[in-house]
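Residue strings, one per chain:
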Amino acid sequence: MTQRLRKVVFPVAGLGTRFLPATKVVAKEMLPVLDRPLIQYAVDEAVDAGADTLIFVTNRYKHAIADYFDKAYELEQKLEAAGKKELLSLVQNVLPKNVRCVFVTQPEALGLGHAVLCAKPVVGNEPFGVILPDDLIWNTGASALKQMADLAAFENSGVIAVEEVPREQTNKYGIVDATPINDRAALIKLMVEKPKPEDAPSNLAVVGRYVLPGRIFSLLESTKPGAGGEIQLTDAIDALLKQERVLAYRFEGERFDCGNKLGLVKATMHFALQDPALAEATREFVAGK
Ligand code: G1P
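Residues numbered from 1 in each chain as written. Predicted model: local features only at pLDDT ≥ 70, side-chain atom pairs only at ≥ 80, totals over all residues. Heavy atoms only, no water.

A.B. asks: Could you give me a rundown of the overall build of the protein chain, with the residues and numbers involved?
C.D. replies: In terms of regular secondary structure, the protein chain is built from 11 helices and 13 strands. Against the 2.2 N^0.38 benchmark of 19 Å for 289 residues, the protein chain shows a C-alpha radius of gyration of 19 Å, consistent with a compact globule. Over its C-alpha atoms, taken along the principal directions, the protein chain stretches across nearly 60 × 50 × 40 Å. Going through the 289 residues of the protein chain one by one, you find that 49% of them count as buried. For the protein chain, the exposed surface amounts to about 14,500 Å²; the carbon and sulfur share of it is 54%. Across the protein chain, the centroid of the 34 positively charged side chains sits 2 Å from that of the 37 negatively charged ones. (Helix = DSSP H or I, 4+ residues; strand = E, 2+ residues; numbered from the N terminus. Rg over C-alpha atoms; globule rule 2.2 N^0.38 Å. Buried < 20%, exposed > 50% of the residue type's maximum accessible area, 1.4 Å probe, protein only. Areas by Shrake-Rupley, 256 points an atom, 1.4 Å probe, with all protein chains shown as cover. Lys, Arg positive; Asp, Glu negative; His and termini not counted. Charge placed at Lys NZ, Arg CZ, Asp CG, Glu CD.)

In structure tokens, the structure reads:
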């Protein structure tokens, strides 16, 4: 995988039932942490990793994501007329100029593996990234996907982000069994989707960041429904392990699971505490509780 990563897939066709009723009309990826929607953090990470083609696997109800990355003529005209230059630049620069967006529809919700497979015609046969925007990763240095893309290019292999989770939570994640190479990287021996704690080979869980070879698509095509009756990306990667090596990587950064309310609250608090304009007032508010 010495080829640089240029394309990143964002599976965003999920229903976001944990945030109903808000998600009746707002795609969960559009929920904000402070002033930016989750999808913006995900896209920034992809761009930091060197991507110039962003592929959104979406469904027929998720127009907001396409609208968000489109030009907002009326709003831009109004801000310009009012001389609000900073706001105008915020609105115009959600994406760098060299980056293009491609929208692909996932007609039926058949699982994460199926969602990624929908991107095959756009990705073709080259290494690509996958970001699940629910998993928001904060850090000060290179983004998690950039760290992974560098390792993938150097090692010429696929790379999956992992972190340890409490044993009792293995049934919420893909779990890997891996042999450590160094502090951060390990060679994956097997992967299993959402095992019960008593069946889990470890407590090393997959976080929503992947760098994968184009070869994964043919494996996804023959992947049968697995955990939850869905076509699982984890199962296709487990099959890939029989053909080539894939590394698990403990990224530098802090992950927030924004797919649930507490995770979104924690992310919001964390980002507020990092923001010089909000940190002190946030700390005072929490201390007073
Ligand atoms: C998906 C993957 C799982 C991974 C998780 C990370 O699960 O299937 O392997 O650990 O994302 O967030 P989901 O959260 O979509 O059920």
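The rest of the description comes next.
A.B. asks: Help me get a handle on the side chain of Glu 244, residues and values and all.
C.D. replies: In this structure, Glu 244 sits in the loop between helix H9 (233-240) and strand E12 (246-250). Glu 244 gets classed as buried once you look at its relative accessible area, which sits at 18%. Leave out the neighbours within four places in its chain, and Glu 244 touches Pro 213 and Arg 215. (Contact = heavy atoms within 4.5 Å.)

A.B. asks: Describe the packing of aromatic side chains, naming the residues involved and giving the relevant values.
C.D. replies: One pass over the full model with this rule turns up seven aromatic pairs. Aromatic side chains Phe 10 and Phe 56 sit 5.0 Å apart centroid to centroid with 20° between the ring planes, which places their arrangement in the stacked category. Remark: Phe 56 occurs in strand E4 (residues 53-58) and Phe 10 occurs in strand E1 (residues 7-11); sequence separation between them is 46 residues. Given the relative accessible area of 0%, Phe 10 is considered buried. (Phe/Tyr/Trp six-rings, centres within 6.5 Å; stacked < 30°, edge-to-face > 60°.)

A.B. asks: Requested: an account of the site of the ligand, with residues and values cited.
C.D. replies: Close to the ligand lie Leu 112, Leu 132, Asp 135, Tyr 173, Gly 174, Glu 193, Lys 194, Val 206, Gly 208, Tyr 210, Gln 232 and Thr 234. With respect to the ligand, the side chain of Lys 194 contributes an N or O atom lying 2.7 Å from an oxygen atom. Burial of the ligand by the protein amounts to 74% of the accessible area it has alone, namely 380 Å². The dominant element in the shell around the ligand, judged by the number of residues it contributes, is strand E11 (residues 204-212), at three residues. Its residues assigned to classes, the shell around the ligand comprises five nonpolar, four polar and three charged. (Near = heavy atom within 4 Å. Polar contact = N/O pair within 3.5 Å; in protein donor to acceptor, adjacent residues only side chain to side chain. Nonpolar A, V, L, I, M, F, W, Y, C, P; charged D, E, K, R; others polar.)

A.B. asks: Tell me about the nonpolar core, residues and numbers included.
C.D. replies: Phe 128, Ile 160, Val 176, Tyr 210, Leu 212, Ile 216 and Ile 237 are the most contacted members of the largest nonpolar core, which totals 36 residues. Once you skip the residues sitting within four places of it in the chain, Phe 128 turns out to touch Leu 5, Lys 7, Val 9, Val 116, Val 123, Tyr 210, Val 211, Leu 212, Pro 213, Gly 214, Ile 216 and Phe 217. In terms of nonpolar packing, the next biggest core, distinct from the first, is built from 35 residues, Leu 5, Ile 65, Leu 145 and Ala 161 among them. (Core = buried A, V, L, I, M, F, W, Y, C linked by side-chain atoms within 4.5 Å.)

A.B. asks: Outline the UniProt feature "domain: Nucleotidyl transferase" (unreviewed entry) in the protein chain, supporting the account with residue identities and numerical values.
C.D. replies: As recorded in UniProt, the feature "domain: Nucleotidyl transferase" (unreviewed entry) lies at residues 13-270. Split by type, residues 13-270 is 31% helix and 25% strand. Its first and last C-alpha atoms lie 27 Å apart. (UniProt positions renumbered as here; feature names shortened; annotations may be inferred.)

A.B. asks: Before we move on, could you go through the side chain of Thr 58 and cite the residues and values that matter?
C.D. replies: Summarising the element assignment, Thr 58 is placed in strand E4. The buried category is assigned to Thr 58, whose relative accessible area is 9%. Ignoring sequence-local partners within four residues, the contact set of Thr 58 consists of Val 12, Ala 13, Phe 103, Val 104, Thr 105 and Gln 106.

A.B. asks: Please provide a residue-by-residue account of the pairing of E12, values included.
C.D. replies: A large share of E12 lies buried, amounting to four of its five residues. Pairing analysis gives five bridges linking strand E8 (residues 158-164) to E12, with the strands arranged parallel. Its bridge partner lying in E12, Ala 161 is registered against Tyr 249. Note that strand E10 (residues 185-193) and E12 share three bridges and pair antiparallel. Within E12, the residue paired with Ala 186 across the bridge is Ala 248. (Pairing = 2+ DSSP bridges.)

A.B. asks: Provide a residue-level description of the pattern of salt bridges, including the pertinent values.
C.D. replies: Considering all chains together, one arrives at 19 salt bridges under this definition. Ionic pairing is found between Lys 28 and Asp 134, a salt bridge with its closest N-O pair at 2.9 Å. One end of the pair, Lys 28, is in the loop between E1 and strand E2 (32-33); the other, Asp 134, is in the loop between strand E6 (128-131) and strand E7 (135-138), and 106 residues separate them in sequence. You'll find Lys 28 and Asp 134 in the same group, each marked buried. In this structure, the salt-bridge partner of Lys 242 is Asp 238, at a minimum N-O distance of 3.8 Å. For Asp 238, a relative accessible area of 19% gives the class buried. One network of salt bridges, in which partners are shared, links Arg 6, Lys 7, Asp 52 and Glu 126. (Salt bridge = Lys/Arg side-chain N within 4 Å of Asp/Glu carboxyl O.)

A.B. asks: Give me the lowdown on the environment of Lys 261, citing residues and values where you can.
C.D. replies: Take Lys 261: it is sitting in helix H10 (residues 261-274). For Lys 261, a relative accessible area of 55% translates into the label exposed. Ignoring anything within four residues of it in the chain, the contact list for Lys 261 reads Arg 18 and Phe 19.

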